[in-house]
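So the chains spell out like this:
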Amino acid sequence: MKKTDLIVIGVLVAGAVAYAFSPATEEARVARGRYIVSSFGCVDCHSPWQMGPNGPEPDAARYLSGHPASLVMPDAPAAAGPWITSVAASMTAWNGPWGTSFTANLTPDDETGLGKWSEQDFIDTLRNGRHLGRGRELLPPMPFPAIRNMNDEDLASIFAYLQSIPAISNRVPTPRPPGGAQ
Amino acid sequence: MDTRTLLPLAASAALAGLVLAAGACSTGEAPAASRGAPERLADTGLYADAAAGTLAPGVRAFTPQYPLWSDGAAKRRWVYLPEGAAIDASDPEAWLFPVGTKFWKEFSFGRRVETRYMERAADGAWLFATYVWPAEGGEAVRAPDAGLRGACATELGPRHDVPSVQDCRACHEGRPSRVLGFGALQLSAERDPLAPHAEPAKEGDLDLAELLAAGRLQGSPETILAAARPVEARSARERAVLGTLHANCGGCHNASGPLSSLGLELEYRRGELAPALRTALGVTSRFQPGGKTGALRIAPGDADASVLAQRMGSRFGPLQMPPLGTHAVDQTALELVRQWIQTDLAPAVAVASER
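So, a few notes on the structure that sits alongside this text. (Residues numbered from 1 in each chain as written. Chains lettered and ligands numbered in written order. Predicted model: local features only at pLDDT ≥ 70, side-chain atom pairs only at ≥ 80, totals over all residues. Heavy atoms only, no water.)

1. Thoughts on the nonpolar core
Among the nonpolar cores identified, the biggest contains 31 residues, and Leu 245, Ile 298, Trp 340 and Ile 341 of chain B are the most heavily contacted of them. No other element matches helix H8 (residues 331–344) of chain B, which puts 6 residues into this core. The residues contacting Leu 245 of chain B, other than those within four sequence positions of it, are Gly 250, Leu 266, Ala 276, Leu 308 and Met 312 of chain B. One finds Leu 64, Leu 106 and Leu 162 of chain A together with Leu 262 of chain B within the second-largest nonpolar core, a separate group that totals 26 residues. (Core = buried A, V, L, I, M, F, W, Y, C linked by side-chain atoms within 4.5 Å. Buried < 20%, exposed > 50% of the residue type's maximum accessible area, 1.4 Å probe, protein only. Helix = DSSP H or I, 4+ residues; strand = E, 2+ residues; numbered from the N terminus. Contact = heavy atoms within 4.5 Å.)

2. Thoughts on the pattern of salt bridges
Tallied over the full model, the rule gives 30 salt bridges over all chains. The partner of Glu 111 of chain A in a salt bridge is Lys 116 of chain A, with the nearest N and O atoms 3.0 Å apart. Linking Arg 77 of chain B and Glu 199 of chain B is a salt bridge whose minimum nitrogen-to-oxygen distance equals 3.8 Å. Within this pair, whereas Arg 77 of chain B is found in strand S4 (residues 74–80), its partner Glu 199 of chain B is found in the loop between helix H2 (165–172) and helix H3 (208–213), the two being separated by 122 residues in sequence. Note on Arg 77 of chain B: relative accessible area 7%, which makes it buried. Each of Arg 130 and Glu 137 of chain A together with Arg 149 and Asp 167 of chain B takes part in one network of salt bridges that share partners. (Salt bridge = Lys/Arg side-chain N within 4 Å of Asp/Glu carboxyl O.)

3. Observations regarding the packing of helix H4 (residues 119–128) of chain A against helix H6 (residues 152–164) of chain A
Residues and elements named next belong to chain A. Put simply, H4 and H6 touch, their axes get as near as 9 Å, and they point 120 degrees apart. Here H4 is positioned oblique relative to H6, judged by the angle of their axes. The interaxial crossing formed by H4 with H6 has right-handed handedness. Note on element contacts: H6 touches H4 through Asp 152, Leu 155, Ala 156, Ile 158, Phe 159 and Leu 162, opposite Glu 119, Phe 122, Ile 123, Leu 126 and Arg 127. A per-class count over the contact of H4 with H6 returns 8 nonpolar, no polar and 3 charged. (Axes fitted to C-alpha atoms, helices over the stretch in contact; angles between N-to-C directions. Parallel < 35°, antiparallel > 145°, perpendicular 65-115°, else oblique. Left-handed = near helix turned anticlockwise from the far one by under 90°. Nonpolar A, V, L, I, M, F, W, Y, C, P; charged D, E, K, R; others polar.)

4. A closer look at unusual backbone geometry
Residue and element names in this part refer to chain A. Pro 141 follows Pro 140 through a cis peptide bond whose omega is 5 degrees. Turning to its location among the elements, Pro 141 is positioned in the loop between H4 and helix H5 (144–147). Its identity as a non-glycine residue notwithstanding, Met 91 has a phi of 65 degrees, on the positive side. Along the chain, Met 91 falls in the loop between strand S3 (86–87) and strand S4 (93–96). Take Met 91: its relative accessible area is 3%, and that puts it in the buried class.

5. Observations regarding the packing of aromatic side chains
All names here are of chain B. Counted according to the given criterion, the structure contains 10 aromatic pairs over all chains. On the numbers, 5.1 Å between centres and 75 degrees between planes, the contact of Phe 103 with Phe 182 is edge-to-face. Here Phe 182 lies in the loop between H2 and H3 and Phe 103 lies in strand S6 (residues 102–108), a separation of 79 residues in the sequence. Under the relative-accessibility criterion, Phe 103 is labelled buried at 6%. For Phe 182, a relative accessible area of 4% gives the class buried. Three or more aromatic residues joined by ring pairs form one cluster here, namely Phe 62, Trp 95, Phe 97, Phe 103, Trp 126 and Phe 182. Taking the ring centre of Trp 133 as reference, the NZ or CZ of Arg 112 above it sits at 3.6 Å. Taking NZ or CZ as reference, Arg 311 lies 3.8 Å from the ring centre of Phe 287, over its face. (Phe/Tyr/Trp six-rings, centres within 6.5 Å; stacked < 30°, edge-to-face > 60°. Lys NZ or Arg CZ within 6 Å of the ring centre and 35° of its normal.)

6. Points about the sheet that holds S6 of chain B
Residues and elements named next belong to chain B. The sheet built from 6 strands is open, its strands ordered S3-S4-S6-S7-S8-S9 with antiparallel pairing. Taken across any chain shown, the strands that pair with only one partner, and hence form the sheet edges, are strand S3 (59–61) and strand S9 (141–142). Relative to strand S7 (residues 112–120), S6 runs antiparallel, the two sharing 7 bridges. Within S7, the position partnered with Ser 108 by the bridge is Arg 112. (Pairing = 2+ DSSP bridges.)

7. A few points about the packing of helix H2 (residues 26–39) of chain A against H6 of chain A
Residue and element names in this part refer to chain A. Interaxial distance between H2 and H6 falls to 7 Å at its minimum, and their mutual angle equals 95 degrees. The pairing of H2 with H6 is recorded here as roughly perpendicular in orientation. Along its contact with H2, which presents Glu 26, Arg 29, Val 30, Arg 32, Gly 33, Arg 34, Ile 36 and Val 37, the element H6 presents Glu 153, Asp 154, Ala 156, Ser 157, Ile 158, Ala 160, Tyr 161, Leu 162 and Ser 164.

8. Observations concerning the state of the cysteines
Per the counting criterion, the structure on display carries 0 disulfides over all chains. No disulfide involves Cys 171 of chain B; its sulfur sits 5.4 Å from that of Cys 252 of chain B, the nearest cysteine. (Disulfide = S-S within 2.5 Å.)

9. Description of H4 of chain A
Along H4 of chain A, 8 of the 10 residues are buried, which leaves the element largely enclosed by surrounding structure. Taken together, the buried positions of H4 of chain A are Asp 121, Phe 122, Ile 123, Asp 124, Thr 125, Leu 126, Arg 127 and Asn 128 of chain A. Summarising the contacts, the buried residues of H4 of chain A are in contact with H5 and H6 of chain A together with H2 of chain B. Phi turns positive, to about 70 degrees, at Gly 129 of chain A, one or two residues after H4 of chain A.

10. A word on the pairing of strand S5 (residues 99–102) of chain A
All names here are of chain A. Here 4 bridges tie S4 to S5, and the two strands are oriented antiparallel to one another. Opposite Gly 96, over in S5, you have Gly 99 as the bridge partner. Following S4, the chain reverses through 2 residues before pairing antiparallel with S5.

11. Structural notes on the environment of Arg 32 of chain A
Residues and elements named next belong to chain A. Structurally, Arg 32 can be placed in helix H2. As a C-alpha pair, Arg 32 and Tyr 161 span 129 residues in sequence and 7.9 Å in three-dimensional space. What Arg 32 contacts, discounting residues up to four positions off in sequence, is Asp 154 and Ser 157. Here the side chain of Arg 32 touches Asp 154 through a polar contact of 2.6 Å, side chain to side chain. (Polar contact = N/O pair within 3.5 Å; in protein donor to acceptor, adjacent residues only side chain to side chain.)

So this is what it looks like as structure tokens:
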């Protein structure tokens, strides 16, 4: 075998090894992100539900855009006895001892969604349970105590998928305090 | 609605129930940033004689001119710089500390409650830990990485939390320099008489002049001294406001840290129109409390309408600022800021500032 052949084979082997151990391609990340988002229940709260021909179902036109700004919620019913939590029919507004929370717009809209977020912003938020990793606390029912245990690659995959879906402009209301106290 | 149509909602509600339970009980996997920290405060190098409270050689007290609000806690602070090592102060606003540097901050609410500790490890990373003083006396031992909620009562009402390691990192990793409250402006001899809750520098405190004289600061002495001059402002009150925002908010809200994309800079930097004015005065807030639209970060002449004052004055979790480390509003600082917005920032002044 000639020396040049050896070099060519060496380069090919090195390339294959590098490919095998390289971080997932963007396409693979998006696919994994779609898989996690669809199997972890993200859609259940971050897409508003509506009544369809088969019963309640997420509104595909508002996929992952959070609580609709147009859906102005009245005050939640008072808690009674062991019933401490109530939820809107849209599944996007929740009330409990923490106050009233509205699910976030996860689409890549620049002004109202995650369009200006970096991958690290997203990972820090879910890892720390705080907005952008160091701001206000995420509120129930956001399951960050479970999600924070995902590895960086899975969280990055979720982010890659969320950045790939259509941007929807929807400014979600800010949370309301319990009892109206600020 | 039949049972079949209720199933998706029931499943989601069940998931939510599990989630709520998890949120209430789970400690999750806390980052191991306290790994390597001694179990006892006495072993961190703070004391020569822990029982007597005698400081170890080379450990020096210091007093920043604009303290961080911590619900009225009385604080003592110490630093240790390794023998012969110097701080890289080439950026006078973002000092970089040599490996082996240690800081301690003791919090008291009528008694010693905790002493926080950070150390720059051999690999350059910062280690964070906090040590809790038993109410019944005895030595301080390392708190769990998850912190301790409601560790002690305070005069202002809400109980004091010992922070988690993650909380330490959330504040201290918000800018290139991981150390807060120890820089040119904070160690300046030209103290701001209106700084809220300021304590006078104490006899024997380490200050900027001594650091410079001892060759402990690398960088242009002229530039460092310039950064230590009083905050440039149009009034004494504005000086105190900008300094207070620098100390209490600028750790996260700055141009160089992870939150820079918010475009809100409350970290003071000399030589330009104060970033707080440039990025907040008349600027629409990204966070719109109470379903409003168009609310301004600072509405000149209208403190009630200013989101900055609203958030300083709230202790509802998603609204309050700072978002951690405090459960009671700093009424002194809030009144200072409100007066500044209401009185000093008349619309004519604001227009002039924006030009």
